[in-house]
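# Structural overview for review
Residue-level listing of the chains:
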Amino acid sequence: MWQRLGKFVIKNRLVLLVLLGLATVVMGYYASKVKLSYEFSRAIPTDNPKYQEYLFFKKTFGDDGNMLVIGLQAGKGVPTSGVPDSLFILKNFNAYQQMQREIKKLPAVEDILGIPGAIGLQKDSVSEKLTAQRIFPETIVSQAVLDSAAGVFFNLPFYNALLYNPATHAYLMGIKINKDQLNSPARTKIVADITAAVQKFEKATGNNAHLSGLPLIRTVIADRIQKEMKFFLFGSLALSVIILLLFFRSISTTLLSLAVVITGVIWTVATIYLCGYNITLLTALLPSLVVVIGIPNCIYFINKYHTSYLKSGDKSQSLVDMVSKMGVVTLFCNITAAIGFAVFALTRSAILKEFGVVAGISIMVIFVISFILLPAVLSYLPSPGSGQLKYLKNKWINNLLGRIERWVFNHKKWVLGVTTLVVLLSIAGMMRLKSVAFIVDDLPKKDKIYTDLKFFESNFKGVMPLEILIDTKKPKGMLSSSIDIRRVAAFQDSILAVQPRVGKPLSLVDGIKFSYQAVSQGSGDSTYTLPAFGNPLADLHKVLREIQIRKQNQEMTANDSAMSKLIGSFVDSSERYLRISMSMADIGTKQLPELLDTIKLKADQYLDSNYKVTLTGSSISFLEGSKFIISGLKESIFWAFLLIALCMLYLFRSFKILVCSLVPNLIPLLITAGIMGWAGIALKPSTVLIFSVALGIAVDITIRFLVNYRQDLPLNDYDIQKTVKSTLHQTGLSIIYTSLVLTAGFIIFCGSSFGGTFALGWLTSVTLLSATLTNLVLLPVLIILIAPNKKTVNGK
């Protein structure tokens, strides 16, 4: 069948090339329409209960992941001057105030919570009404005015630990950005404009500022993906060109191989668009992976063509031999590689499913492209010259293969002994593996985004959103009784406020305390409390009612609006749900469940069964997705192993050969897991990915070796040892060169600024090099030991 296919391709080469060219032009059009994903993570399934809870929270209170924060650490002021910190020197504060004004003018900025715009409540001595007033005037002309306003501000406990940390002299400004703008290409400019305003402040005051929050992290990651995608693609192409030139010593052959992989890349990017997907952190790797997988196809096909031509001298027959001998081998190699990637489509995680679907399709497409393009174009090119065939007699490779042959036939016990020792060490390392993921897991520890995040964790206990939703199970349930709010206050002050990795909790309780402090005309912590008698909600209701009246009379001020927003953000319109909003450190998937369990247990103690307490937020949703990815990837490894085993069993129809084929490919995975354990590299979404990918690619080597062994067995009168020896020399050259290409292709990922992508590069390279060694040394030893009889056909 494969001979007929080879003859068909050569006979209809022009038509096939034209059709392939036209189809590639069409796919190029679709590839140009692909867009970058601006969603932070879609790892968690949409029907997951935690995700559903998060969606309900967003529907009720809005998005919680759209706050960008700016922080700075001011120098201590001079005690005799009355200035608390260097920020409150007139020149510096005016610059800080100007920065807030400039940021506020940006169209995408919805609101800002910062010291210059802080409000206080004042009680009118005549009407006894509470009104919201700015603490700091819009224009401050003297240090005395600033000092007076600062004194008022620092006597309001509401802002303590929210906008400033008195112990570390750190200050925070929160910027709420429109969620639709954040999920669009415009967010890069938004972050750039905010950064420019911050840099202007830094230049004016000499104070270094820190920026963080999910909008900033999302934007930085998306922009780096876009840049690295181009770097990886061109880097892998450049490395492939160098290796191909060194290998074939032919410009035409190198350009032909490049044409194959570039065509494959075009089809891959177009597939992303046609499947309705956008480019994510994972799918951005696919063009480079297609290059890495497509080049070995070219090497094996062209190597077989050159080998046949060296023997026969007949170009046409050599092309037919190339297709008939390597067609089935390359097909199954691509199938197993596709399985290694496509099993991700079996998971329920959207981001993994997309990666698996596109990767599986792309790998099979690259086979079809190779199968058509290589024989068709080679038939038009001149016959290979002696210079192009010189690599077939590479002395260094032949000497290495000779040494491997001696290991296989003369040192079987040593091979098995060393293999056993390596496996035991790997298992010991694997037992040390830990599974943990963080939101900024893949950013380098010296990256400014990472260090700025640590600044906020040190001074404000983090910026990652954590939300508690209290359902009273009845309309107006939270505002109807004083006992309810006192329970919430006790839970908030006694449990949430003392958590070491959680920032200051904010809820309706703080609005009531804020109002009561104004009513009592007090200052400091002594009056920032719930009223001892009566209904704590009375004063707050009074404030909201007065604001509502002014709104109806069209007399509502900006200060009224700010106060209304502040209180309204913690109670829904039906007054059934209460929100307690906090920020927390990026504590990872291991510590987060412990924290959540502690909070939930205490919540159930303080709030009885009449209330339903839900812990949610984008941080929980993201980390839950990371756990889901790790679980799904572990499952995908099992499916990849099972499906690849079935393919091998179908191909070779022998259980003995199946055992011989799987053992050399499991050991490299154990070695990689062992290295990760000993090196302290955690199992996380980006590192678990390595195992399925490496398994699918490494099995290619086994298939090429065993198919050649099976084809040569009858030619050697079913002499096992003679066939193993000839197979080792016939396939060893292309296996070694292919391994170099694969390793170089993955090593390029080590240039990534993302730790996970970096790990994918070097750990996959280690796995592939280990697989090359086990398939060239251990696999022949196992064949000789398991199939010792001379008259053994296909291992029977």
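Right, let's walk through the structure included here. Counting restarts for each chain, with residues numbered from 1 along the sequence as it is written. Only residues with pLDDT of at least 70 are given local features in this predicted model, and only at 80 or more are side-chain atom pairs given and counted; all residues enter the totals for whole chains, interfaces and linings. The basis for the side-chain values is all heavy atoms of the structure; hydrogens and waters are excluded.

## With respect to a nonpolar patch on the surface
- Patch membership is restricted to residues that have no salt bridge and whose relative accessible area is over 30%. Joining uses 9 Å for like charges and 5 Å for the nonpolar side chains Val, Leu, Ile, Met, Phe, Trp and Tyr. The Shrake-Rupley method, run with a 1.4 Å probe, gives the accessible areas here. Residue values count only the displayed protein chains as cover. Definition used for salt bridges: Asp or Glu carboxyl oxygen within 4 Å of a side-chain nitrogen of Lys or Arg. A cluster of nonpolar side chains, L346, F638, W639, L642, L643, L646 and L649, forms an exposed patch at the surface whose accessible area comes to about 610 Å².
- Here a strand is any run of E in DSSP of at least two residues, a helix any run of H or I of at least four, and the numbering for each starts at the N terminus. By the secondary structure assignment, L643 is in helix α22 (residues 618-652).

## Concerning helix α14 (residues 395-410)
- Helix span, as expected, comes to 1.5 Å for every residue beyond the first. Given a rise of 1.5 Å per residue, 16 residues ought to cover 22 Å, and the 22 Å separating the end C-alpha atoms of α14 matches this to within 8%.
- For every residue, the accessible area obtained with a 1.4 Å probe (protein chains only) is divided by the maximum for its type, and the residue is called buried under 20%, exposed over 50%, and partly exposed between those limits. Of all the positions in α14, only I397, L401, G402, I404, E405, V408 and F409 are classed as buried. All buried residues of α14 lie within an arc of 165° about the axis, which places them on one face of the element. Residues of α14 that are exposed and angled more than 90 degrees away from the buried face: K395, W396, N399 and N410.
- Any pair of residues with heavy atoms lying within 4.5 Å of one another is described as a contacting pair. Looking at the buried side of α14, the elements it contacts are α15 (412-430), α25 (720-747) and α26 (755-786). As used here, the arc belongs to the directions running from the helix axis to the C-beta atoms.

## What about the sheet that holds strand β8 (residues 464-471)?
- Pairing is antiparallel across the open sheet formed by 3 strands, whose spatial order is β9-β8-β10. Two strands bound the open sheet, and with one partner strand each, they are β9 (577-584) and β10 (612-616). Ignoring which end each strand starts from, the neighbouring axes of this sheet average 15° apart.
- Judged from the 5 bridges that link them, β8 and β10 form a sheet pairing that is antiparallel. Bridging across to β10, I470 finds its partner in V613. We treat two strands as partners when DSSP finds at least two bridges between them. Angular values range over 0 to 180 degrees, each being the angle between N-to-C directions of two axes fitted as lines to C-alpha atoms, with helices fitted over their stretch in contact.

## Overview of the environment of L469
- Within the secondary structure layout, L469 lies in strand β8.
- Residue classification places L469 among the buried residues on the basis of a relative accessible area of 5%.
- Separated by 144 residues in sequence, L469 and V613 place their C-alpha atoms 5.8 Å apart.
- When residues no more than four places from it in sequence are discounted, the contact partners of L469 are F56, F57, F61, Y577, L578, K612, V613 and T614.

## Notes on the pattern of salt bridges
- Counted by the stated rule, this structure contains 13 salt bridges.
- Of the charged contacts, one joins E457 and K454 as a salt bridge, the two residues approaching to 2.9 Å between their closest N and O atoms. In this pair, E457 and K454 are both assigned in helix α16 (residues 448-460), 3 residues apart and thus about one turn of the helix distant.
- Taking relative accessible area as the criterion, E457 reaches 12% and is therefore assigned buried.
- Of the residues examined, K454 reaches a relative accessible area of 29% and is grouped as partly exposed.
- One salt bridge in this structure joins R576 and D471, with 2.7 Å as the shortest N-O distance. With R576 in the loop between α20 (558-568) and β9 and D471 in strand β8, this pair connects stretches of sequence that are 105 residues apart.
- A residue is classified by how much of its surface remains accessible, and R576, at 26% relative accessible area, is partly exposed.

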